[in-house]
Amino acid sequence: MAKFKNIIGTGFPKYVTDQLEARKKLVSKTTRDSKDLLWLSNRTGWFRMTSGALIEDKFKKNPDGTPALTDDLARNNILQGGLASRREGFSGVKSSYIKGPLGFKPMPGITSLSVGTGGRWQTLLQGEVEFIAYDLNQLGILSNLYMSLGVHVFIEWGHKPYIKNNVVNTSEDINPVNFFNFTKSSDGVIDLQRKVNSVKEKLEGNYEALIGRVYNFDYNANPDGSYTCKIKVMGAGAMADSLRGLSLKTGGDTDSSDSESPNKNISDLGNALISIKNSLLDLVTPRARRKGSQDGELKSLGRKAEDFTNKGSKYFGAEKSYGETLNNIYSKCNYKGPVFNGDVIHKNDFQKLGNAHQFISNANKDGLSNLDNSFYTGYVSSLTYEYHSWYKFKSPDKTAYITLGHLFCLVQHLGIFADTEGTPTPAVFLDYHPDNTLVRTGILEASIDPSVCLIPFATAPTVGIDSGNNNNTSTTNFLYPLETRKTTKYNFQKGSSIPNEKRYFPNNDNVSSSILKNFSGGVPFGSGKLFNVLVSIDFAYNTLVSLQESNENKDVALREYLQKILNGVNIALGKNNNFKIVSDECGLVLRVIDENHIPTRTEDIEYMTIPPFGTESIAYDYSYSSKISKNLASQIVIASQAQSDDIKDFPEDVLSYFKLNGGVSDRFTGKIKPPVVKPTTPTSATESELRSLQNLYDQLYKNYSIPYSAEAANKGVNQSLVNLYASLQQEFKNKKCISVGSKNSFQAGVLIPLEMSITIDGMSGILPYNAFLLPNNRLPERYKDRVAFIVFSINHSFDNNQWKTTLRGQTIIRPDTPT
């Protein structure tokens, strides 16, 4: 599998592929032994459910005299088709019947189970269990154990017999995990999930389990005196939508400023952000310069606060180092954060690895390096914008930055509730390891809005598009027909404008910080490490304020805040991404996915082919269909009906839909072109076009080559510039992805998507955003060798005592075959 874990479209885990290949091999056998026949004709699914409820025992007392909590009732009422375990003598006889108020009744048991991915983006495991209680005594017990809201339940299921190591196993049972070995005193749910994942891999996907909380239930009384019960269970990630701790102000003041501004008290997170910015300004800007002069010595992205023990200038009322400021913040948290004393010291392995989801769920470091000081470093730029009410002196407000990963770390410790009994554990983890989160980058790697974020400007203006420098696009090519090396000003440029020829953008060699160089270093071309982006502290703070002020209850949801931060970063970088906050496979960790980023040829991706027909077919059912959204459909209709005298009213992207037809043209409409011919030379460009491009050039220049000037930048960027930047990014992306199919020439990425559903024998280990192939003989001609099917929904069900898994997804364009 790929090293980077959040890229969509990667192949199945190896043990999943091995199991499916073994099944394909078995069903295609022409000579079968008794074990093969047993697997083919007599597979049976099994399931069981265990309660995490602790019940007061009136016969047992704590040292203080209060009733002790015990799990005896849960241990003796594990639900399967009946009860897997019962207290000795509970029924009066050792049988499948229990004596109750109406005489002997069958023991309670599960009647149906379905588990699937759900939640906002179909990545959260959730289940629905139906079971039956035969009298009021049984109903009372099961109500306490399985119908108590918020109480954990542990659901397991699997096959018998099953294939392991290419052999049908008929004698060895799959032993359920002992749920009662895991308690609060250890890492509890984390260790349990790790055990589940190890069993899944050991048994090659023939075992699966869900650890979740009961969030809804109902039961109905039946005429025969029994009760039909149903519960709904949600994985741990469900808490992400309900966590609203970001707006809390419970801790002490971590800000050393003597400011009395009420903004300091917005929340613990807001207070920490202000404190960090004040500390950074105190470190890098001498006090004398605070009173008016500009710090022209600072480079384009500022100076690294490398020494965490270096004292500030007492400007904000106390002489504190940057490290002391961070220590003051993290020490006040229930879930203690890292300690800064020269070198960073992490409290646990989770923090060392930025809560990497594969480590939390599998205890597998997978080559990930520990986070060091550079991850927590702050930056200050000489770029200034507007005055801010926080500051005692009304000098222009300098921009200060921390990595986006550090912001997520602050949210982890200041905005997520923690269970402090035993080993302190947060309700949910945020994965912020830079190597774990790759995103798609623009053709021009630059931020247009420094009041939101900055990344290094990776290309010098003289680098050509075909110069061999990773095919990077220079500013010259990107802004054509603007003359970026023009020796004189344009006629429309006034005042102190500098000729473009005298301006030089810095490249990565001019950036002193190694963490910035690593934004796109060591990763496949066209990728960047999201959590190494520098996010403006003001943007992080103001986003929190705006969400709090827009909510009547003045509270802010975790997912809402993080998603808004990510949306702002996306816009500033040219709208190249589609970020989503999703749960990992075990529901314990939230991570960021960029749905616009798929593997490239530099990554070793091996796709599993699932044949729906033929001797190797392992599918019970499958179907796919073309899907055109309502908006896309209406645009195609409009474009196809447009005639030569009115097509000027339609935008170019609508008129390009004839490309979807794969070379088919129309009798009455020829090649459709936009109403305005794009300039082919600088002299053919209109003044309006050049003005727009020059404004974009000026904005980028100001962001990355800040002159020694008292001129303040605008906070935020004109929307027209944002749209222009985004459209140019997309235009160059389209130029780069022209490819030729096996028989027809067409543009990559313009196929009408197919939505797919396929049902196979029960299989664990398949994750949302994994991808697989269908054989070419089951695909239309233009899709052959060009598409993979990405999984966005996984559903497990039991039908006639057989465990089946249904995968739903849609097409993505396959990356080039690895060389």
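Above: the structure in question.
A short tour of the structure in this document, coming up. Note that the structure is a prediction, hence the values are computed from the model and not measured.

1. A few points about the nonpolar core
Part 1 of the argument: Residues L273, L558, Y561 and L696 are the most contacted members of the largest nonpolar core, which totals 92 residues.
Part 2 of the argument: When sequence neighbours within four positions are dropped, the list of residues in contact with L696 reads I448, F478, L479, L721, L724, Y725 and L728.
Part 3 of the argument: Counting 48 residues, the second largest nonpolar core, distinct from the first, contains M49, I78, F179 and V214.

2. Some words on helix 12 (residues 404-414)
Part 1 of the argument: With 11 of its 11 residues buried, helix 12 lies for the most part within the structure.
Part 2 of the argument: Among the residues of helix 12, those classed as buried are L404, G405, H406, L407, F408, C409, L410, V411, Q412, H413 and L414.

3. Quick word on the sheet that holds strand 24 (residues 579-583)
Part 1 of the argument: Taken in spatial order, the three strands line up as 19-25-24 in an open sheet, and their pairing is mixed. Both edges of this open sheet fall to strand 19 (429-430) and strand 24, since each of them pairs with a single strand only.
Part 2 of the argument: When strand 24 meets strand 25 (residues 589-594), the two strands line up antiparallel, connected through five bridges. Within the sheet, the bridge partner assigned to F579 lies in strand 25 and is D594.

4. Structural notes on a nonpolar patch on the surface
Part 1 of the argument: Residues L149, F217 and Y219 make up a contiguous nonpolar surface patch of roughly 300 Å² in combined accessible area.
Part 2 of the argument: Structurally, Y219 is set in strand 11 (residues 207-221).
Part 3 of the argument: For Y219, a relative accessible area of 41% translates into the label partly exposed.

5. Focus: the packing of aromatic side chains
Remark: the centre distance and the inter-plane angle together describe each pair of aromatic rings, the angle taken between the planes.
Part 1 of the argument: In this structure the tally under the stated criterion is 19 aromatic pairs.
Part 2 of the argument: Ring centres of F478 and Y725 lie 5.9 Å apart, and the angle between their planes is 65 degrees; this geometry places the pair in the edge-to-face category. One end of the pair, F478, is in helix 13 (residues 475-478); the other, Y725, is in helix 20 (residues 719-736), and 247 residues separate them in sequence. You'll find F478 and Y725 in the same group, each marked buried.
Part 3 of the argument: An angle of 85 degrees between the planes, with centres 5.7 Å apart, marks the rings of F613 and Y622 as edge-to-face.
Part 4 of the argument: For Y622, a relative accessible area of 17% gives the class buried.
Part 5 of the argument: Ring-pair connections join several aromatic residues into one group, and the members of that group are Y330, F340, F375, Y376 and Y432.
Part 6 of the argument: Just above the ring of F359 sits the side chain of R194; from NZ or CZ to the centre is 5.0 Å.
Part 7 of the argument: Sitting above the plane of the Y490 ring, K486 keeps its charged end 4.8 Å from the centroid.

6. Considerations on unusual backbone geometry
Part 1 of the argument: For the peptide bond that leads from K160 to P161, omega is -5 degrees, which places it in the cis range.
Part 2 of the argument: By the element assignment, P161 lies in the loop between strand 8 (152-160) and strand 9 (162-164).
Part 3 of the argument: Even without glycine at this site, N166 takes up a positive phi of about 65 degrees.
Part 4 of the argument: By the secondary structure assignment, N166 is in the loop between strand 9 and strand 10 (167-169).

7. A word on the pattern of salt bridges
Part 1 of the argument: The final tally for this structure, using the stated rule, is 17 salt bridges.
Part 2 of the argument: With a closest N to O distance of 2.8 Å, R43 and D761 form a salt bridge. Of this pair, R43 sits in the loop between helix 2 (34-41) and strand 1 (44-51) while D761 sits in strand 30 (residues 754-761); the two residues are 718 residues apart in sequence, bridging distant segments of the chain. Like R43, the residue D761 is buried in the burial classification.
Part 3 of the argument: Salt bridges here are not isolated pairs; linked through shared partners, they connect E128, E130 and K230.

8. Describing the side chain of H159
Part 1 of the argument: Following the sequence through the fold, H159 ends up in strand 8.
Part 2 of the argument: Within the structure, the side chain of H159 is placed 2.9 Å from the backbone oxygen of G762, a separation counted as a polar contact.
Part 3 of the argument: If near-sequence neighbours (up to four positions away) are discounted, H159 is found in contact with R23, T44, W46, I174, N206, D761, G762 and W803.

9. Side note on the pairing of strand 32 (residues 787-799)
Part 1 of the argument: With three bridges joining them, strand 6 (residues 109-118) and strand 32 adopt antiparallel strand pairing. In the sheet register, G116 faces strand 32, and the bridge partner there is N795.
Part 2 of the argument: Sheet topology note: the strand 32/strand 33 (residues 802-813) ladder contains 12 bridges and is antiparallel. Following the sheet pairing, S797 is matched in strand 33 by K804.

10. A word on the environment of S361
Part 1 of the argument: Here S361 shows up in helix 10 (residues 357-362).
Part 2 of the argument: Considering only alpha carbons, one finds S361 and V589, 228 residues apart in sequence, at a separation of 8.6 Å.
Part 3 of the argument: Once residues lying within four places of it in the same chain are set aside, the contact partners of S361 are Q193, R194, N197, D584, E585 and C586.
Part 4 of the argument: A distance of 2.9 Å separates a polar side-chain atom of S361 from the backbone oxygen of H357.

Criteria and cut-off values
Residues numbered from 1 in each chain as written. Predicted model: local features only at pLDDT ≥ 70, side-chain atom pairs only at ≥ 80, totals over all residues. Heavy atoms only, no water. Core = buried A, V, L, I, M, F, W, Y, C linked by side-chain atoms within 4.5 Å. Buried < 20%, exposed > 50% of the residue type's maximum accessible area, 1.4 Å probe, protein only. Contact = heavy atoms within 4.5 Å. Helix = DSSP H or I, 4+ residues; strand = E, 2+ residues; numbered from the N terminus. Pairing = 2+ DSSP bridges. Patch = residues over 30% accessible without salt bridge, like charges linked within 9 Å, V, L, I, M, F, W, Y side chains within 5 Å. Areas by Shrake-Rupley, 256 points an atom, 1.4 Å probe, with all protein chains shown as cover. Salt bridge = Lys/Arg side-chain N within 4 Å of Asp/Glu carboxyl O. Phe/Tyr/Trp six-rings, centres within 6.5 Å; stacked < 30°, edge-to-face > 60°. Lys NZ or Arg CZ within 6 Å of the ring centre and 35° of its normal. Polar contact = N/O pair within 3.5 Å; in protein donor to acceptor, adjacent residues only side chain to side chain.

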